[in-house]
Amino acid sequence: MTAEAMTVLDIRGISRRFGGLQALSGVSFSVNKGEIVGVIGPNGAGKTTLFSTLVGLIRPDSGTITLDGKNLAGLKPHRVAALGMTKTFQNVALFAESSVLDNVLTAGLLRHGVEAARSEALNCLDRVGLRAVAHKQAGDLSFPERARVELARALCTAPKVLLLDEVMAALNHSEMQEIMALIRSLRRDGVTLLIVEHHMRAIMNVCDRIMVLNFGRLLADGTPEQVAHDPEVIEAYLGRSLEKRR
Ligand SMILES: Nc1ncnc2c1ncn2[C@@H]1O[C@H](COP(=O)(O)OP(=O)(O)OP(=O)(O)O)[C@@H](O)[C@H]1O
Ligand SMILES: [Mg+2]
């Protein structure tokens, strides 16, 4: 396969300013099909802003985003999702009065009629281990369960590239293991994943490659091993040892 055929996502020179704050500054990288790429960095580094820009929620001031050879400039999130890229929300906001199933089904309507979306939504709930609570009100779920509903919602758009923004926050160890197993199974299905996480052990374990953002700039991009030993990364984010960060 040629390098071009393997590239699913190509980002060139993305910048975004909020008032006086340069949230993203000339960020460029590309991602190969089937890769699992971690995005780490301190609070406020621009990780969520990067993901929001990729899926069309935030318009970059400059730069290009190319998904499967298509330029996404100016496309709205639902169009980007229809082309195959979607993200989960760091602050999960479900329709609390609606059933879990209906919350997920809505995402499926992007590409299916209601009945097909319902069966697809049930499959996605199965995949995240929530089939049993499909008919509960979303507002009655625990916080970790809501994070899984958010994941099921993203899956229900049938993404080629899935961006996960801190889906493991607030999960206990075994719940985290389950999500990591799910991430690996998605990759086996050909999904490409970008993952923002503060749980260093989890991210070092599941990712092929890690990018480090710091003050809106890409500070490092390499294997987990390379990044963990990069003096600049240790200084900016990891601290003196990984062990200190759980
Ligand atoms: N809509 C906005 N308007 C103004 N400033 C914003 C907006 N969104 C983000 N910012 C600012 O941009 C910077 C980057 O924020 P972002 O949420 O991308 O960081 P992050 O790396 O995701 O941090 P965290 O690890 O805390 O989630 C922060 O200083 C934030 O306050
Ligand atoms: Mg964030």
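Predicted model only: the values in this text are computed from it and were never measured. (Residues numbered from 1 in each chain as written. Chains lettered and ligands numbered in written order. Predicted model: local features only at pLDDT ≥ 70, side-chain atom pairs only at ≥ 80, totals over all residues. Heavy atoms only, no water.)

(A) Up close: helix α7 (residues 173-188). For α7, spanning 16 residues, the distance from its first C-alpha to its last is 23 Å, which sits close to the expected 22 Å at 1.5 Å a residue. All buried positions along α7 are accounted for by Met176, Ile179, Met180, Leu182, Ile183, Ser185 and Leu186. Among the structural elements, β3 (36-40), α5 (114-127), α6 (143-155), β7 (161-165), β8 (192-196) and α8 (200-206) are those in contact with the buried residues of α7. Its side-chain oxygen 3.1 Å from the backbone nitrogen of Ser174, Asn172 forms the N-cap of α7. Immediately downstream of α7, the backbone of Gly190 shows phi near 95°, a positive value. (Helix = DSSP H or I, 4+ residues; strand = E, 2+ residues; numbered from the N terminus. Expected span 1.5 Å × (residues − 1). Buried < 20%, exposed > 50% of the residue type's maximum accessible area, 1.4 Å probe, protein only. Contact = heavy atoms within 4.5 Å. Polar contact = N/O pair within 3.5 Å; in protein donor to acceptor, adjacent residues only side chain to side chain.)

(B) Inspection of the domain arrangement of the chain at higher detail. Partitioning the chain into domains gives domain 1 (3-84 + 159-245) and domain 2 (93-157). Taking only C-alpha atoms, the centre of domain 1 and the centre of domain 2 are 24 Å apart. The interface of domain 1 with domain 2 comprises 17 residues on the first partner and 12 residues on the second. Around 1200 Å² of area is buried between domain 1 and domain 2 when both sides are counted, 67% of it from carbon and sulfur atoms. Joining domain 1 to domain 2, the criterion identifies two salt bridges. Of the charged contacts in the structure, one is a salt bridge between Glu178 and Arg148, with a shortest N-O distance of 2.6 Å. (Domains from an automatic or database assignment. Buried area = accessible area lost by both parts, 1.4 Å probe. Salt bridge = Lys/Arg side-chain N within 4 Å of Asp/Glu carboxyl O.)

(C) Molecular detail of the sheet that holds β8. With mixed pairing, six strands are arranged side by side in an open sheet as β6-β7-β8-β3-β9-β10. Two strands bound the open sheet, and with one partner strand each, they are β6 (85-87) and β10 (217-222). The sheet shows a mean angle of 15° between the axes of neighbouring strands, direction not considered. Of the pairings in the sheet, the one linking β3 to β8 comprises four bridges and is parallel in character. (Pairing = 2+ DSSP bridges. Axes fitted to C-alpha atoms, helices over the stretch in contact; angles between N-to-C directions.)

(D) Fine view of the packing of helix α4 (residues 100-108) against α6. Where α4 meets α6, the closest approach of the two axes is 7 Å, and the angle between their N-to-C directions is 30°. On the basis of their axis angle, the class for α4 and α6 is roughly parallel. Classified by chirality, the crossing of α6 by α4 is right-handed. Facing α4, whose interface residues are Val100, Asn103, Val104 and Ala107, α6 presents Val149, Ala152 and Arg153. (Parallel < 35°, antiparallel > 145°, perpendicular 65-115°, else oblique. Left-handed = near helix turned anticlockwise from the far one by under 90°.)

(E) Representation of the site of ligand 1 in the model. Around ligand 1 sit 14 residues in total, of which Asn43, Gly44, Lys47, Thr48 and Thr49 are the nearest. Contact between ligand 1 and Gly46: an oxygen atom at 3.0 Å from a main-chain N or O atom of the residue. Separating an oxygen atom of ligand 1 from a side-chain N or O atom of Lys47 is a distance of 2.7 Å. Relative to its unbound accessible area of 640 Å², ligand 1 is 61% covered by the protein chains. At the level of secondary structure, the elements contributing two or more residues to the shell around ligand 1 comprise β2 (21-32) and α2 (47-54). Among the elements that take part in the shell around ligand 1, α2 stands out by supplying three residues, more than any other. For the shell around ligand 1, the per-class residue count stands at five nonpolar, seven polar and two charged. (Near = heavy atom within 4 Å. Areas by Shrake-Rupley, 256 points an atom, 1.4 Å probe, with all protein chains shown as cover. Nonpolar A, V, L, I, M, F, W, Y, C, P; charged D, E, K, R; others polar.)

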